[in-house]
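# Architecture at a glance
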Amino acid sequence: MLKTIAFAIFLGFASTSYAIDGVTILLSEEGGAYSEFAIDLGNILTQSNSNRLAIKIIALNKFSPDDLPRNTNSQILIAVGSSAMLALAQKPPAMPVLNVLVPQSSYVKAVKQNSRLLDSRRFSAVFVDQSWARQFGLIRVSLPAHPRVGILLGKESIDIIPGLQSAAKESDITLNIETISEDAELLSALRKLLSISDAVLAVPDARIYNRNNISSILLTSYRQQIPLFGFSASYVKAGALAAIYSLPNQISQQVAEIIANIPASGNLPAPQFPKYFSITINPQVARSLNIGIAPEPELQYKLKHLTEHAQ
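Described below are features of the structure shown in this document. All values derive from a computational prediction rather than experimental measurement.

Within the protein, the secondary structure is distributed over eleven helices and twelve strands. Rg of the C-alpha trace for the protein: 21 Å, near the compact-globule value of 19 Å for 311 residues, within the 12% margin. Considering only C-alpha atoms, the protein reaches an extent of 60 × 40 × 35 Å along its principal axes. Every one of the 311 residues in the protein was classed for burial, and the buried ones make up 49%. Element-wise, carbon and sulfur atoms account for 50% of the exposed surface of the protein, whose accessible area totals about 15,300 Å². The centroid of the 26 positive side-chain charges in the protein is displaced by 2 Å from the centroid of its 23 negative side-chain charges.

Okay, structure coming up:
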């Protein structure tokens, strides 16, 4: 079981004049991806050796404000997961807070609900989900040009529609969206979507994509010969054609770079999507659907080229 841990490491900050001497990592829960991120971040930071830096790792269920340093100058707090983020959003500490492994929608909601208390320069994030542009880009490099993409949403997620539409237009994708209010509407809405789409993009909407529904969604899509693009490797293993996602060690690399480049003001960069990402494909599903999808390294290269060209 994870306990509060404090240890000294050495870190070089050649590119910043903000002399950080302490990092507190607050985990939403022990184990899994959260602890993996914390360990990876510590390992990355130990690779440098110019400045002494104290790191403390604390699980939320063991956390109290007394665990934070009294002198908050030159300190940063990393909140890992939505529960840790929400706990700090309601009563933010004096030090900067960088939230990681949180969905963009959860961060935006937390900021709106606590807008009087929060400033993105002191309460920022590295999201766990990929940008819509990157997800549509994966579909573009996997399927023929100008694909029609279907997205199924619960009524609670309708606020993301403008962002989806804008990204689809920029990616030269025809977007079809169906929304449902009740679980009983799911399969009929999905079948309607499949009849007018070349692919379905799964989004992290818990009403739609949960353990009760995912098998039916994948099976129905497969029977209609329409590929589904997921947002984790587990979706590919379950039957999605491909997925793009960021691993804890990729997020930790990005966070280490952010820490090393905090300016003298101590202000954090704007909330951002993952910089590093992985792609996984399911060759068996591709063969069954008669889709000649490229190998994962080639998709990575094509997606990077497509993104750079769009810029």
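Anyway, onward from the coordinates.
Running from N to C, helix H6 (residues 186-194) and helix H7 (residues 214-223) point in directions that differ by 30 degrees, and their axes come no closer than 10 Å. Judged by the angle between their axes, H6 and H7 are roughly parallel. The way H6 lies across H7 gives a crossing that is right-handed. Packed against H6, whose contacting residues are Leu186, Leu187, Leu190, Arg191 and Leu194, the element H7 presents Ser216, Ile217, Thr220 and Ser221 at the interface. Its residues assigned to classes, the contact of H6 with H7 shows five nonpolar, three polar and one charged.

Let us look at the packing of aromatic side chains. With the rule as written, the count across this model stands at five aromatic pairs. Between Phe231 and Tyr235, the ring centres sit 4.7 Å apart and the planes meet at 45 degrees, which makes this aromatic pair tilted. Here the aromatic residues Tyr107, Phe123, Phe127 and Phe273 are joined through ring pairs into a cluster of three or more.

Every buried residue belonging to helix H2 (residues 82-90) is among Ala84, Met85, Leu88 and Ala89, and all of these are buried. One side of H2 holds all its buried residues, which, seen down the axis, span an arc of 130 degrees. Where the residues of H2 are buried, they touch strand E2 (22-27), strand E4 (75-80), strand E5 (97-102), helix H3 (104-113) and strand E6 (123-127).

Read from one edge to the other, the open sheet built from six strands follows the order E8-E7-E9-E10-E11-E12, with strand pairing classed as mixed. If you trace the sheet from one side to the other, it starts and ends with strand E8 (174-180) and strand E12 (278-281), each paired once. When strand polarity is set aside, the average angle formed by the axes of neighbouring strands in this sheet is 25 degrees. The pairing of strand E11 (residues 242-245) with E12 spans four bridges and is antiparallel. Across the sheet, Tyr245 pairs through a bridge with Ser278, a residue of E12. Along the sheet face, H6 touches strand E7 (148-154), E8 and strand E9 (199-201) and points at about 170 degrees away from the line of E8.

All chains considered together, the criterion is met by one cavity of 30 Å³ or more. Considered as a void within the structure, the largest cavity measures approximately 40 Å³ in volume. If you go around the largest cavity, the residues you meet are Leu218, Ser221, Tyr222, Ile226, Pro227, Leu228, Gly239, Val285 and Leu289. Here the lining of the largest cavity is built from residues that sort into seven nonpolar, two polar and no charged.

What counts, and at which threshold
- Residues numbered from 1 in each chain as written.
- Predicted model: local features only at pLDDT ≥ 70, side-chain atom pairs only at ≥ 80, totals over all residues.
- Heavy atoms only, no water.
- Helix = DSSP H or I, 4+ residues; strand = E, 2+ residues; numbered from the N terminus.
- Rg over C-alpha atoms; globule rule 2.2 N^0.38 Å.
- Buried < 20%, exposed > 50% of the residue type's maximum accessible area, 1.4 Å probe, protein only.
- Areas by Shrake-Rupley, 256 points an atom, 1.4 Å probe, with all protein chains shown as cover.
- Lys, Arg positive; Asp, Glu negative; His and termini not counted.
- Charge placed at Lys NZ, Arg CZ, Asp CG, Glu CD.
- Axes fitted to C-alpha atoms, helices over the stretch in contact; angles between N-to-C directions.
- Parallel < 35°, antiparallel > 145°, perpendicular 65-115°, else oblique.
- Left-handed = near helix turned anticlockwise from the far one by under 90°.
- Contact = heavy atoms within 4.5 Å.
- Nonpolar A, V, L, I, M, F, W, Y, C, P; charged D, E, K, R; others polar.
- Phe/Tyr/Trp six-rings, centres within 6.5 Å; stacked < 30°, edge-to-face > 60°.
- Arc of directions from axis to C-beta.
- Pairing = 2+ DSSP bridges.
- 1 Å grid on protein atoms, 1.4 Å probe; cavity = no way out; pocket = protein on both sides within 12 Å on 5 of 7 lines; lining within 4 Å.
- Points joined across faces, edges and corners; volume = space filled by probe spheres on them.

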